[in-house]
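Notes for the structure review
Single-letter residue listing:
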Amino acid sequence: MEYQKASEINGVCNGKIVTEYLNGFSEKSIEAKKAELMGKEEKSHKESEDVCKISAIERAYGTVLRELGEDVEREGLLRTPLRAAKAMQFLTKGYHETVKDILNNAIFDENHNEMVIVKDIEMFSLCEHHLVPFFGKVHIGYLPNNKVVGLSKLARIVEIFSRRLQVQERLTKQIATAISEALEPAGVAVVIEAAHMCMVMRGVQKMNSKTVTSAMLGLFQEDPKTREEFLALIKNN
């Protein structure tokens, strides 16, 4: 069997250079191997970074608890700083996700230009002013311009931007803008209804208050009838 010239692949693992020689593989196979090694390398690097970040956040939570007058060595709090660090990392995971990644291969050419609405999408986020939750429902509508998106992807877009430190006004605009840029539709409408724990648990302590925000782009902004149709449909149970 005749072998091709050996090719060298360099990868970094734990700070050391790893060299692998490949014989008998096509250039395409070698490129695939390189991509695989680079993927593993990036994953390993990210996992190391995550461990470092978790440790730093854990120490910070320990400091907060001590400054509040708690004994972080007592049984109930022994692992609380670590649990809180992991919870915060999950609640803000949207910083590490992009719309482009989640919409990959989920936009389809379709001869449809009537309104598409996905309503009552559950949303949870953290208020950036007090780091306490606000939560509620998101209603999304868009007018396709010969392109439609998998419906679950609209909920994923909500998840990306809500899993960050937020204010509701910005969150509403970010969701609408992301959909508009990805699909280039004739219009996008987003309405969010949410309860804010910074109003319920502290401050004015108004238990039943809700905040409603909207973002209207394209025909939803320009045409009152289109906007009214959307608002009527999201209110209709």
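Scroll up for the structure.
Below is a short write-up of the structure. (Residues numbered from 1 in each chain as written. Predicted model: local features only at pLDDT ≥ 70, side-chain atom pairs only at ≥ 80, totals over all residues. Heavy atoms only, no water.)

**Brief notes about the pattern of salt bridges**
In this structure the tally under the stated criterion is 5 salt bridges. K93 is the salt-bridge partner of E159, the closest N and O atoms lying 3.9 Å from each other. Of the two residues, E159 sits in helix α4 (residues 151–162) while K93 sits in the loop between α2 (80–91) and α3 (99–102), which places them 66 residues apart along the sequence. The partner of R163 in a salt bridge is E159, with the nearest N and O atoms 3.0 Å apart. Residue classification places R163 among the buried positions, given a relative accessible area of 11%. The partly exposed category is assigned to E159, whose relative accessible area is 23%. Where salt bridges share partners, they join K93, E97, E159 and R163 into one cluster. (Salt bridge = Lys/Arg side-chain N within 4 Å of Asp/Glu carboxyl O. Helix = DSSP H or I, 4+ residues; strand = E, 2+ residues; numbered from the N terminus. Buried < 20%, exposed > 50% of the residue type's maximum accessible area, 1.4 Å probe, protein only.)

**A look at helix α8 (residues 224–235)**
Between the first and last C-alpha of α8 there are 17 Å, a value that for 12 residues agrees with the 16 Å anticipated at 1.5 Å per step. Looking only at α8, the buried set comprises T226, F230 and I234. Buried residues of α8, seen end-on, are gathered within an arc of 65° and therefore sit on one face of the element. Opposite its buried face, α8 presents the exposed residues K225, E228 and K235, each directed more than 90 degrees away. Here the buried face of α8 lies against β4 (116–127), β5 (133–143), β8 (187–196), β9 (211–218) and α7 (219–222). (Expected span 1.5 Å × (residues − 1). Arc of directions from axis to C-beta. Contact = heavy atoms within 4.5 Å.)

**Topic: α4**
End to end, α4 covers 18 Å across 12 residues, agreeing with the expected 16 Å (1.5 Å per residue, within 8%). The complete set of buried residues in α4 reads K153, L154, I157, V158, I160, F161 and S162.

**Points about the sheet that holds strand β7 (residues 165–166)**
Read across the sheet, 5 strands follow the order β7-β4-β5-β8-β9 without closing on themselves; strand pairing throughout is mixed. In this open sheet, the two edge strands, each paired with only one partner strand, are β7 and β9. (Pairing = 2+ DSSP bridges.)

**A short note on the side chain of H196**
Considering the arrangement of structural elements, one finds H196 in strand β8. The class of H196 is buried, set by a relative accessible area of 11%. If we ignore the near neighbours within four places in the chain, the residues touching H196 are P133, F134, Q168 and T211.

**Quick look at the packing of α4 against helix α5 (residues 168–183)**
One can describe the packing of α4 onto α5 by two numbers: an axis separation of 10 Å at closest approach and a directional angle of 135°. Relative to α5, the element α4 is oriented oblique. For the crossing formed where α4 meets α5, the hand is right-handed. Facing L154, I157, V158, F161 and S162 of α4, the residues of α5 in contact are L171, Q174, I175, A178 and I179. Partitioning the contact of α4 with α5 into residue classes produces 8 nonpolar, 2 polar and no charged. (Axes fitted to C-alpha atoms, helices over the stretch in contact; angles between N-to-C directions. Parallel < 35°, antiparallel > 145°, perpendicular 65-115°, else oblique. Left-handed = near helix turned anticlockwise from the far one by under 90°. Nonpolar A, V, L, I, M, F, W, Y, C, P; charged D, E, K, R; others polar.)

**Here's the deal with the pairing of β4**
As judged from the 9 bridges shared by β4 and β5, these two strands associate in the antiparallel manner. Paired with I117 across the two strands is G141, which belongs to β5. Counted along the chain from β4 to the antiparallel partner β5, the turn is 5 residues long, and its residue L131 has a positive phi close to 60°. When β4 meets β7, the two strands line up parallel, connected through 2 bridges.

**Focus on the packing of aromatic side chains**
Scanning the model with the defined rule gives 2 aromatic pairs in all. Geometrically, the ring pair formed by F124 and F135 is stacked, given 6.3 Å between the ring centres and 25° between the ring planes. On the criterion of sequence distance, the pair formed by F124 in strand β4 and F135 in strand β5 is long-range, its members being 11 residues apart. Seen from their ring centres, F220 and F230 are 5.7 Å apart, and the 75° between their planes marks the pair as edge-to-face. Of the two residues, F220 is situated in helix α7 and F230 in helix α8; the sequence distance between them amounts to 10 residues. A relative accessible area of 0% places F220 in the buried class. (Phe/Tyr/Trp six-rings, centres within 6.5 Å; stacked < 30°, edge-to-face > 60°.)

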